[in-house]
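# Remarks on the overall topology
In case you want the letters, here they are:
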Amino acid sequence: MNFDKQFHGKVKLDSNKKNQLLSSKGALREKIKKDFKAKGRLPVPNFYMQGSFSMTTTINPISVEYDLDDGVYLQNIDTSKPIDEWESPEKVHKWIVDAVDGHTSKDPTDKNLCVRVNYADENKHVDLPIYAKKGDTYYLAVKNNGWIESNPKEVSDWFVHEVATKGEQYRRVVRYLKAWKDFREDENKQVKLYGGFQLTVLASYHFVPSDSDEESFFKTIESIKTQLWIYKSKICHPKNGSKNIIEHYTEARRKKFVEEFEKMYDEAKSAYEETDCVEKSKKWRIVFGNRFPLLKNDDCGEVKNDSEAAIITGTTNIANTSGRQA
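Notes on the structure in this doc start here. This is a predicted model, so every value here is computed, not measured.

## A closer look at the overall build of the chain
Summing up its helical and strand segments, the chain has 14 helices and ten strands in all. Against the globule reference of 20 Å for 326 residues, the chain gives a C-alpha radius of gyration of 22 Å, in line with a compact fold. Each of the three principal axes of the chain carries a C-alpha extent, and together these read 70 × 40 × 35 Å. Every one of the 326 residues in the chain was classed for burial, and the buried ones make up 48%. Sequence separation of at least 24 residues holds for 66% of the intrachain contacts in the chain that already meet a minimum separation of 6. Taken as a whole, the chain presents about 15,400 Å² of accessible surface, with 46% of it coming from carbon and sulfur.

Written as structure tokens, this is what we have:
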């Protein structure tokens, strides 16, 4: 079963959608800069893409909107003043809402963490979190909670280093985890799993490379499973080990994630150990849904799966890595 050729292409965000988001991002940046100039809020903001799009781990969603996060870095705030004397998050959010209002036929949504630009005719949105920098520290404007220390740039830099160290297979394994999350949440709207960032971090802490993506994915989730009891209460931030990246999740959501992950692992184990490639594809569809290719006997050939191929050629190369917390 060739994950990377037969399945990965279906879940990776396609180039058309990627280009649509990039075009929307560029137009919004120009609109915001033009509005700031017109209203004398100079100098105009800088911008920095962040999140899964910047890390190129965004997937083609089944039914939810695909999106892009573009950080707005304000330059017109006098950050020499104490933070409590800065313009309030509510005020700077309104600046951005006013700047993008009318850009699309749908009104922007002023969320606590960002301003969301909605597109009525396309299944997408662009989120605009708002930042200011004091010294070497970045702060995010969070409505009803003030300016909160946050630096998405360091997360992007961390991920770039992880891919450089672990290889592109790590990025693909992240996408497979996101594809499972997307399918499961689409299948049952009541299920809410951990976010893409949390899954990316877990994959990093437990990544197991292999000559086959199927084996890498399974061995990675097998390693994650050994520490699920920890991840029910805490996942350490990759750049700040004292920070818990699931602290804002409810106890019910954490418990549900563990239950769903254990269920997924059992289903994946059955698929991974299946030797008949037709049955194997059926079992992987239980994990990933109908986007996973359903094979026929004619598709199988002499070698039935990547794991078997690696054994036959003697190329299996699994690193004996264990879970770790940064």
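So that's the structure; there's more coming.
## Quick word on the packing of helix α11 (residues 251–273) against helix α12 (residues 277–288)
Contact geometry for α11 and α12: axes closest at 8 Å, N-to-C directions at 165°. On the basis of the axis angle, α11 is roughly antiparallel to α12. Every pair of crossing elements has a handedness; the one defined by α11 and α12 is left-handed. Taking contact as the criterion, the partners of Met264, Glu267, Ala268, Ser270, Ala271 and Tyr272 in α11 are, on α12, Lys280, Lys283, Trp284, Ile286 and Val287. By residue class, the composition of the contact of α11 with α12 is seven nonpolar, one polar and three charged.

## Looking at the packing of helix α7 (residues 168–187) against α11
At a minimum axis separation of 12 Å, α7 and α11 run at an interaxial angle of 110°. Taken together, the axes of α7 and α11 lie roughly perpendicular to each other. The interaxial crossing formed by α7 with α11 has right-handed handedness. Here Leu177, Trp180 and Arg184 of α7 lie close against α11, whose contacting residues are Phe257, Glu260, Phe261, Lys263 and Met264.

## Overview of the pairing of strand β4 (residues 115–118)
Both strand β3 (residues 109–110) and β4 contribute to a ladder of two bridges, which runs antiparallel. Among the inter-strand pairings, Thr109 is bridged to a residue of β4, identified as Arg116. Hairpin connection of β3 to β4: four residues between the antiparallel strands. With four bridges connecting them, β4 and strand β5 (residues 124–128) associate as antiparallel partners. By the bridge assignment for β5, Asn118 is matched with His125. In textbook terms, the turn of a hairpin is the stretch between consecutive antiparallel strands, and for β4 and β5 this stretch comprises five residues.

## Brief notes about the pairing of strand β7 (residues 137–142)
Within β7, five of the six residues are buried, which leaves the element mostly enclosed by the surrounding structure. Of the strand pairs in this sheet, strand β6 (residues 130–134) and β7 are connected by four bridges, and their pairing is antiparallel. Residue Lys134 lies in a different strand from β7, and its bridge partner there is Thr137. Here β6 hands over to β7 after two residues, with Gly135 in that stretch at a positive phi of 65°. In this sheet, strand β8 (residues 146–149) lies alongside β7 in antiparallel orientation, the contact comprising four bridges. Bridge pairing in β8 places Val142 opposite Gly146.

## Some words on the pattern of salt bridges
By the definition in use, this model includes 21 salt bridges. Asp127 is the partner of Arg116 in a salt bridge, and the nearest nitrogen-oxygen pair spans 2.7 Å. Of this pair, Arg116 sits in strand β4 while Asp127 sits in strand β5, placing them eleven residues apart in sequence. For Asp127, a relative accessible area of 7% gives the class buried. A salt bridge links Lys181 to Glu185, with the shortest nitrogen-to-oxygen separation between them at 2.8 Å. One end of the pair, Lys181, and the other, Glu185, are both in helix α7, four residues apart, so they sit about a helical turn from each other. The pair formed by Lys181 and Glu185 is uniform in burial state, with each residue classed as buried. A network of salt bridges, in which partner residues are shared, links Arg184, Glu187, Lys256 and Glu260.

## Topic: the nonpolar core
If you look at the biggest cluster of nonpolar residues, it comprises 47 residues, and the most contacted ones within it are Trp284 and Phe288. Here this core gets eight residues from one element, more than from any other, and that element is α11. When neighbours within four sequence positions are excluded, Phe288 is seen to be in contact with Phe3, Phe7, Tyr176, Ala179, Trp180, Phe183 and Phe217. Core analysis: the second largest hydrophobic core is formed by 30 residues, Leu13, Ile32, Leu74 and Val126 among them.

## Some details on the environment of Trp95
In this fold, Trp95 is placed in helix α5 (residues 89–100). Here the alpha-carbon distance between Trp95 and Tyr131, two residues 36 residues apart in the chain, equals 13 Å. The residues contacting Trp95, other than those within four sequence positions of it, are Asp35, Phe36, Arg41, Leu74, Asn76 and Glu87.

## A word on the packing of aromatic side chains
Applying the stated criterion to the full structure yields 29 aromatic pairs. Taken together, a centroid distance of 5.5 Å and an interplanar angle of 15° make the contact between Phe218 and Tyr265 stacked. Here Tyr265 lies in helix α11 and Phe218 lies in helix α9 (residues 213–225), a separation of 47 residues in the sequence. With a relative accessible area of 8%, Tyr265 lands in the buried category. The cationic tip of Lys153 hangs over the ring face of Tyr73; the distance from NZ or CZ to the ring centre is 5.0 Å.

Scoring rules and cut-offs
Residues numbered from 1 in each chain as written. Predicted model: local features only at pLDDT ≥ 70, side-chain atom pairs only at ≥ 80, totals over all residues. Heavy atoms only, no water. Helix = DSSP H or I, 4+ residues; strand = E, 2+ residues; numbered from the N terminus. Rg over C-alpha atoms; globule rule 2.2 N^0.38 Å. Buried < 20%, exposed > 50% of the residue type's maximum accessible area, 1.4 Å probe, protein only. Contact = heavy atoms within 4.5 Å. Areas by Shrake-Rupley, 256 points an atom, 1.4 Å probe, with all protein chains shown as cover. Axes fitted to C-alpha atoms, helices over the stretch in contact; angles between N-to-C directions. Parallel < 35°, antiparallel > 145°, perpendicular 65-115°, else oblique. Left-handed = near helix turned anticlockwise from the far one by under 90°. Nonpolar A, V, L, I, M, F, W, Y, C, P; charged D, E, K, R; others polar. Pairing = 2+ DSSP bridges. Salt bridge = Lys/Arg side-chain N within 4 Å of Asp/Glu carboxyl O. Core = buried A, V, L, I, M, F, W, Y, C linked by side-chain atoms within 4.5 Å. Phe/Tyr/Trp six-rings, centres within 6.5 Å; stacked < 30°, edge-to-face > 60°. Lys NZ or Arg CZ within 6 Å of the ring centre and 35° of its normal.

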